[in-house]
Amino acid sequence: MTVLGAGVAGLVCATALVEAGYRVRICDPGGIPGRGVSTLAGGMLAPFSELDHLALDQLEDARMGVAWWRARAEALGFSCPARGTLVVAHHADRDVLARFEHDLERVPGCFERLNRAALRSREPTLGARFEGGLHVPGEAFLEPKVALNALAEALRASEVELCTTTAPAGDGVVVDCRGMAAAEPELRPVRGEIAFLRAPDVTLEHCVRLMHPRIPLYVVPHGGGVFAVGATMVESGDEGEVTVGSALHLLSAATLLHPGFVEAEIIALRSGLRPAYPDNRPAVHRHASGVLSVNGLFRHGYLMSPSLAAEVVRSVGASNGGT
Ligand SMILES: Cc1cc2nc3c(=O)[nH]c(=O)nc-3n(C[C@H](O)[C@H](O)[C@H](O)COP(=O)(O)OP(=O)(O)OC[C@H]3O[C@@H](n4cnc5c(N)ncnc54)[C@H](O)[C@@H]3O)c2cc1C
């Protein structure tokens, strides 16, 4: 069978299909891994901290996503620490933190409050700046490019055919993971901008969220002193570079979280389009042509791909179409 697209959706689907015993070819004219929006994600695997963008009935799939990546990381030798997320706010923004806490309360026991000393014991530099915060256990993070390369390498080693052209038509079961390029009528782009910073003076080891009324921010440690600082969310299909306004917002919020970011080197400012359906829920659709489409991953491409891939495997098995 043929998987179209080697972003996170395509690579995870191909991996799951190979593990289920199918012979798979994966095609992406951009390369394997591809060069789509998956390459610029922050890499958060955050079922609970994303509750403002996820429905409660998606939680089980999201948690399965964290477990899937943790297992692959161990098997393939990349990092996917599950230290949980820290959530902080400056004193003036404590109402925003309280609202966030209220959202989390929909899942009893999914977070703990930290006083300054408890925050300091997890992240000494944050404890010096913030009165306290929240710890959300059960959340993890990874470095997207490293994880995508590891999956691509494992597929290559499993003798999966990796092709960097568009697939010829009429080639068995097709799983369409082309993201925005699938041009499905219901799909809409949600623009996101993100900064990658090298900050030797910042020692954060957790994924950290800074609550702020205008500039909610997350920082994901990517190892080697590099941090992903994201992300804007704009209802727009503009594919242009990061704007000055967004760069200022992201970078100034980062320095509000940790002054060590003032001396950081800007490695890259990147923008991309998140593919989203009207209800913002990712989905597997079987089209009349028989093509299975996996799309609409919105803010949660890494988090939700594993459960969609499992659904693809079930769907292929049910229709007995695997070759
Ligand atoms: C700033 C930002 C931060 C994000 N942070 C996170 C995060 O922390 N955690 C998280 O889970 N998600 C995050 N996301 C969301 C995540 O990046 C997306 O949901 C996900 O990458 C979508 O993956 P995809 O494989 O569907 O699309 P893509 O990565 O775009 O892959 C589609 C692929 O299809 C290929 N293609 C195009 N045309 C063809 C063709 N004709 N034939 C074959 N292949 C083709 C493209 O080359 C591309 O490689 C973030 C998004 C943004 C913008």
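Residues numbered from 1 in each chain as written. Predicted model: local features only at pLDDT ≥ 70, side-chain atom pairs only at ≥ 80, totals over all residues.

Caption draft 1: Layout of the overall build of the chain. Assigned secondary structure in the chain consists of eight helices and 16 strands. Computed over its C-alpha atoms, the radius of gyration of the chain comes to 20 Å, within 12% of the 20 Å expected for a compact globule of 323 residues. C-alpha atoms of the chain, sized along the principal axes, occupy 60 × 40 × 35 Å. Across the 323 residues that make up the chain, the buried fraction comes to 46%. Long-range pairs, those at least 24 residues apart, make up 76% of the contacts in the chain with a sequence separation of at least 6. (Helix = DSSP H or I, 4+ residues; strand = E, 2+ residues; numbered from the N terminus. Rg over C-alpha atoms; globule rule 2.2 N^0.38 Å. Buried ≥ 20, exposed ≤ 12 C-beta atoms within 10 Å, placed from the backbone. Contact = placed C-beta atoms within 7 Å.)

Caption draft 2: Inspection of unusual backbone geometry at higher detail. Along the chain, I32 connects to P33 via a cis peptide bond; the corresponding omega equals -5°. Here G230 and A231 are connected by a cis peptide whose omega angle stands at -15°. Along the chain, A231 falls in the loop between β13 (226–230) and α7 (244–257). Phi at E159 takes a positive value of approximately 65°, unusual for a residue other than glycine.

Caption draft 3: Up close: the sheet that holds strand β6 (residues 132–136). Taken in spatial order, the eight strands line up as β5-β6-β4-β11-β12-β13-β10-β14 in an open sheet, and their pairing is mixed. Looking at the sheet topology across the chains shown, the edges are occupied by β5 (112–115) and β14 (265–276). Neighbour to neighbour, the strand axes of the sheet diverge by 25° on average, direction disregarded. Against the sheet, helix α3 (residues 94–104) makes contact with β4 (85–89), β6 and β11 (207–211), and its axis sits at roughly 145° relative to β4, the strand it touches most. (Pairing = 2+ DSSP bridges. Axes fitted to C-alpha atoms, helices over the stretch in contact; angles between N-to-C directions.)

Caption draft 4: Just the sheet that holds strand β15 (residues 283–286), in detail. Ordered by their spatial adjacency, six strands build an open sheet running β8-β2-β1-β9-β16-β15, and the pairing between neighbours is mixed. Every interior strand has two partners, whereas the edge strands, β8 (161–163) and β15, have only one. Going across the sheet, the axis of each strand differs from the next one's by a mean of 20°, ignoring polarity. Bridging between strand β9 (residues 174–176) and strand β16 (residues 292–295) involves two bridges; their strand directions are parallel.

Caption draft 5: Structural context of the site of the ligand. Near the ligand you find 41 residues, and of these G7, G34, G36, G179 and G301 are the closest. At the level of secondary structure, the elements contributing two or more residues to the shell around the ligand comprise α1 (8–19), β10 (188–198), β14 and α8 (301–318). Considered class by class, the residues forming the shell around the ligand number 19 nonpolar, 17 polar and five charged. Each of domain 1 (1–81 + 139–186 + 278–323) and domain 2 (85–137 + 188–276) contributes no fewer than three residues to the shell around the ligand. (Near = placed C-beta within 6 Å. Nonpolar A, V, L, I, M, F, W, Y, C, P; charged D, E, K, R; others polar. Domains from an automatic or database assignment.)

Caption draft 6: Seen up close, α7. Between its first and last C-alpha, α7 extends 20 Å over 14 residues, near the 20 Å set by a 1.5 Å rise per residue. In the core, the buried residues of α7 are packed alongside β10, β11, β12 (217–223) and β13. (Expected span 1.5 Å × (residues − 1).)

Caption draft 7: Broad picture of the pairing of β12. Of all seven residues in β12, six are buried, a share of seventy percent or more. In this structure, β11 lies alongside β12, joined through three bridges in antiparallel fashion. Its bridge partner lying in β12, V208 is registered against V219. Hairpin connection, β11 to β12: the antiparallel pair is bridged by five residues. Across five bridges, β12 lies against β13 in antiparallel orientation. Following the sheet pairing, G223 is matched in β13 by V226. Between β12 and β13, which follow one another and run antiparallel, lie two residues, and G224 among them has a positive phi close to 65°.

Caption draft 8: Fine view of the domain arrangement of the chain. By the assigned domains, the chain splits into domain 1 (1–81 + 139–186 + 278–323) and domain 2 (85–137 + 188–276). Its C-alpha centre places domain 1 at a distance of 26 Å from the equivalent point of domain 2. At the interface, 24 residues of domain 1 touch 27 residues of domain 2. Residues of the side of domain 1 that touches domain 2, tallied by class, amount to 12 nonpolar, eight polar and four charged.

Caption draft 9: Representation of the nonpolar core. Formed by 97 residues in total, the largest nonpolar core has its most connected members in C13, L45, V175, V208, V219, V229 and V312. The leading source of residues in this core is α1, at eight residues. Each of domain 1 (1–81 + 139–186 + 278–323) and domain 2 (85–137 + 188–276) accounts for three or more of the residues forming this core. When sequence neighbours within four positions are dropped, the list of residues in contact with C13 reads V3, V175, C177, V294, A309 and V312. (Core = buried A, V, L, I, M, F, W, Y, C linked by C-beta atoms within 7 Å.)

Caption draft 10: Just the packing of helix α2 (residues 59–76) against α8, in detail. The contact between α2 and α8 brings their axes to 7 Å, and the two run at 95°. In terms of axis orientation, α2 runs roughly perpendicular to α8. Two secondary-structure elements touch here, α2 through D61, A62, M64, G65, W68 and W69 and α8 through Y302, L303, M304, S305, P306 and S307. Of the residues belonging to the contact of α2 with α8, the class tally is eight nonpolar, three polar and one charged. (Parallel < 35°, antiparallel > 145°, perpendicular 65-115°, else oblique.)

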